Structures are given as C-alpha cells and as structure tokens.
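One letter stands for each residue in the lines below.
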Amino acid sequence: QQRMQGEIDRLATELAVARHTQAPSELSMTLAGSAFMKLYDEAVMAPTPAAVHAAVRDLVAAFCTHAGVSPAAGEAFAAALESEAAAFLDSNLSDVDRLAQQLWTSGQRLACAPIRRELSFILNEAIRVDRGNEAMLRPAVQLVHNLNQLCVDRRGIEVDVFPPDGLCFRGAVLPAEHLGFFHLGQRYRVPGFLATSRVQAKASEFMKRAFKAHRRSDYCAVLWRVQLHPRGAGDAAYACTHVNLVRHSAFEKENEYLFSPYSVFTVRNVTQSLSPRTGQPHIIDIEAAIDNRCERDDMPLAPWY
C-alpha cells in the first residue's frame, strides 16, 4: 500500500503538477529549431550502468545550478537514486534498459522549493528548456536514448498489453490561457516524454491531486484521452512506433504508457466544461501519430501537457 501511494504521488507530480513550459518566445518553437534534435543525432545511449548513473549525476548537477538548489542536495539525490537502483535491480543491474526505466519511475525526490522533484521531472525540464541550458540537455539526451530503447526501438506494444480499445489517459491541470491551443484539428509535438495510463481511474486520481496542489482560479482540471490506432494491437502497419508499456517500474502494478519526446498528436475533439473541476473536467481527445519520423519537424510545440 505504501509503495502504491508513493507511485501515485510520483505520477501526480510528473503527469500533472509541474507541466509549465517557458513562453514560446523563450523556447525553440519547433523540433527542427531545437538543440535537442542536433544533440540527439550526435549522442548515443549510455552503454553501462556506470555510464547511466554518470549521466544522471551530470543532469542533476546542472539542474541544481539551473534551479538554485545546493550541490550537496543534488549529490544526495543522485546517490539515493543509485542505491535504490542497486536494491531494485539486484543481479540484473547490468541491464541498462531496466535501469533506465527504474530511474524514470523512481519516487526519490530532490529537495528543492517549492515542490520536491523526481528525476522524471528533471529530465523533462531539460528537454523543455532546450537551448536555455545545454549543460542539462546533453546528459538528458543520452538518457533519452536509453529510454527510447523501450519507446522507439522495440516497435509497437505487444498484444497482451495493448490498452483496451487503444485508449490511454492522462489527468492533469491546464491554465485557462492554454486551452485555446488545443482546438479541433491542431497538430503538435510534445517537448518531453509523455506519460499516460491505460486506467482512467488512475488518471483521474492524478488530476485530483494536481488540482488540489495548484488551487488557482485560472487552472482547469483536464482529462486527456489518447487514442492509438485500434488495429495496432495486431497489425504492425498501424502500431504506434514511439510508445510502450513501462514494464520495469520502481513500483508494482504500474500501468504507465510512455511516449518518446517530441511525439506527434492531433486534437480530435474538445469537450469544454462550464465548471472545469475534478468532477467535470475539460476532456481533450487526441490521436497519436503512428510514426513520428513520418511527421513534419516544424509543427508547433504544446505549451502545456
């Protein structure tokens, strides 16, 4: 029960609580203009557990500088991640794929204000900031390569874990000012990993926690319904090539479907609520592209997700 509560807390933060991005003028407006794209083409995955942990330490140290967190706090956080990984993976510690997934789902938090941050948030923050802090982005890109062994290199989701009807869910909050971006037919990329669940009730729980954490009149509750092509369950031609189930989570009974950074989505329907609180959230239906590589690199980036 304690581990499950820890997982809910972790995903409540990662999926919903801290989804702020800088103003578009401060960010690369497209994947084509990003530093991420150039660095990703140059980088390779960390080949050993030692290299993975070295990248994590570099990322955390750069984030601490970025966020004004003490180096000592960053070192303690990185050490806690490494100790947890050793205990979790045991004899399988040499499996860098498992290690990357375990680190992504870790409930360990860096002591910083106003909200303590998990590694998953820090990794996405580096991707979001992009050119604003290449010291963060470089080790982040290396870790992205490792996580993409799950999301991209293992083509499609196995039939036995394909979400029912191809639907995944994401519960979050959304500033009212960004609702207009998600209009019918809008196609966009998400500048970060996008974590979803195949269980709507879990997504709703994350949304409630996020809404409670923000308590701002200009923040709306929102439920994202992410549609994969239903034929992807049995036909490789329709299988989304950049999402997969996180099997090696730090917590049991995980139902997290993780989309790779800069994944492409199309808004198919928006149901606006007159009172967008947790009992009656806005509902945004989006469709995941089958293959990010076949999509334009110059489409807009989501301002919030």
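Presented here is an overview of the structure given in this document.

So, how was this worked out
- Residues numbered from 1 in each chain as written.
- Predicted model: local features only at pLDDT ≥ 70, side-chain atom pairs only at ≥ 80, totals over all residues.
- Heavy atoms only, no water.
- Buried < 20%, exposed > 50% of the residue type's maximum accessible area, 1.4 Å probe, protein only.
- Helix = DSSP H or I, 4+ residues; strand = E, 2+ residues; numbered from the N terminus.
- Pairing = 2+ DSSP bridges.
- Phe/Tyr/Trp six-rings, centres within 6.5 Å; stacked < 30°, edge-to-face > 60°.
- Core = buried A, V, L, I, M, F, W, Y, C linked by side-chain atoms within 4.5 Å.
- Contact = heavy atoms within 4.5 Å.
- Salt bridge = Lys/Arg side-chain N within 4 Å of Asp/Glu carboxyl O.
- Expected span 1.5 Å × (residues − 1).
- Polar contact = N/O pair within 3.5 Å; in protein donor to acceptor, adjacent residues only side chain to side chain.
- Axes fitted to C-alpha atoms, helices over the stretch in contact; angles between N-to-C directions.
- Parallel < 35°, antiparallel > 145°, perpendicular 65-115°, else oblique.
- Left-handed = near helix turned anticlockwise from the far one by under 90°.
- Nonpolar A, V, L, I, M, F, W, Y, C, P; charged D, E, K, R; others polar.

Judged by which residues are buried, strand β3 (residues 194-197) turns out to be covered on both faces: Leu194 and Thr196 on one side and Ala195 and Ser197 on the other are all buried. By the bridge criterion, 4 bridges tie β3 to strand β6 (residues 256-259) in an arrangement that is antiparallel. For Thr196, the partnering residue across the bridge sits in β6 and is Tyr257.

Sheet analysis places strand β2 (residues 187-190) next to strand β7 (residues 263-271), joined by 4 bridges and oriented antiparallel. By the bridge assignment for β7, Tyr188 is matched with Phe265. Where β7 and strand β8 (residues 282-288) come together, 6 bridges link them in antiparallel fashion. Considered in β8, the bridge of Thr266 is made with Glu287.

The next subject is the packing of aromatic side chains. Considering all chains together, one arrives at 11 aromatic pairs under this definition. Seen from their ring centres, Phe63 and Phe121 are 6.4 Å apart, and the 85° between their planes marks the pair as edge-to-face. Here Phe63, found in helix α3 (residues 49-67), pairs with Phe121, found in helix α6 (residues 119-129); they are 58 residues apart in sequence, far enough to count as distant. Per residue, the accessibility class of Phe63 equals that of Phe121, and both read buried. On the basis of an interplanar angle of 35° and a centroid distance of 6.1 Å, the ring pair of Tyr188 and Phe265 is categorised as tilted. Taken as a pair, Tyr188 in strand β2 and Phe265 in strand β7 lie far apart in primary sequence, 77 residues in all.

Moving on to the nonpolar core. Judged by nonpolar contacts, the single largest core of 48 residues is most densely connected at Phe36, Leu59, Leu110, Leu119, Leu123 and Phe193. When contributions to this core are tallied by element, the ones reaching two or more residues are α2 (35-42), α3, α4 (71-89), α5 (96-104), α6 and α7 (134-151). The element best represented in this core is α7, accounting for 9 residues. Dropping the residues within four chain positions of it, Leu119 is found in contact with Val56, Leu59, Val60, Phe77, Leu81, Leu103 and Gln108. Ranked by size, the runner-up nonpolar core spans 34 residues in total, among them Tyr188, Trp224, Leu228 and Trp304.

What follows is about the pattern of salt bridges. Side chains that differ in sign of charge can pair as their charged atoms come close. In this structure the tally under the stated criterion is 13 salt bridges. Here Arg109 and Glu118 are joined by a salt bridge, their closest N and O atoms 2.9 Å apart. Taking the relative accessible area as the measure of exposure, Glu118 reaches 0% and is therefore buried. Note that Arg268 and Glu287 form a salt bridge whose closest N and O atoms lie 3.0 Å from each other. Remark: Glu287 occurs in strand β8 and Arg268 occurs in strand β7; sequence separation between them is 19 residues.

The next point concerns α7. For α7, with 18 residues, the first-to-last C-alpha span of 23 Å sits near the 26 Å given by 1.5 Å per residue. Burial analysis of α7 places 13 of its 18 residues in the buried class, the great majority of the element.

The phi dihedral of Asp165 is positive, around 60°, even though this residue is not glycine. Backbone geometry places Tyr262, a non-glycine residue, at a positive phi of 65°. With respect to the element layout, Tyr262 can be found in the loop between β6 and β7.

Our next topic: the side chain of His282. Here His282 lies in strand β8. Using a relative accessible area of 3% as the deciding quantity, one classes His282 as buried. At a separation of 3.0 Å, a polar atom in the side chain of His282 contacts the main-chain amide nitrogen of Ser273. In contact with His282, not counting residues within four places along its chain, are Leu179, Cys220, Ala221, Val222, Leu223, Thr271, Gln272, Ser273 and Pro276.

Across its 15 residues, helix α8 (residues 200-214) extends 21 Å between first and last C-alpha, which sits within 8% of the 21 Å expected from 1.5 Å per residue. Of all the residues in α8, the buried ones are Lys202, Ala203, Ser204, Phe206, Met207, Ala210, Phe211 and His214. Following α8 by one or two positions, Arg215 has its phi on the positive side, about 50°.

Take the environment of Phe77 next. Mapping Phe77 onto the fold places it in helix α4. Sequence-wise, Phe77 and Arg117 are 40 residues apart; in three dimensions their C-alpha atoms are separated by 9.9 Å.

Interaxial distance between α3 and α5 falls to 9 Å at its minimum, and their mutual angle equals 30°. Taken together, the axes of α3 and α5 are roughly parallel relative to one another. α5 is crossed by α3, and the crossing has right-handed handedness. Here Pro49, Val52, His53 and Val56 of α3 lie close against α5, whose contacting residues are Val96, Leu99 and Leu103. A per-class count over the contact of α3 with α5 returns 6 nonpolar, 1 polar and no charged.

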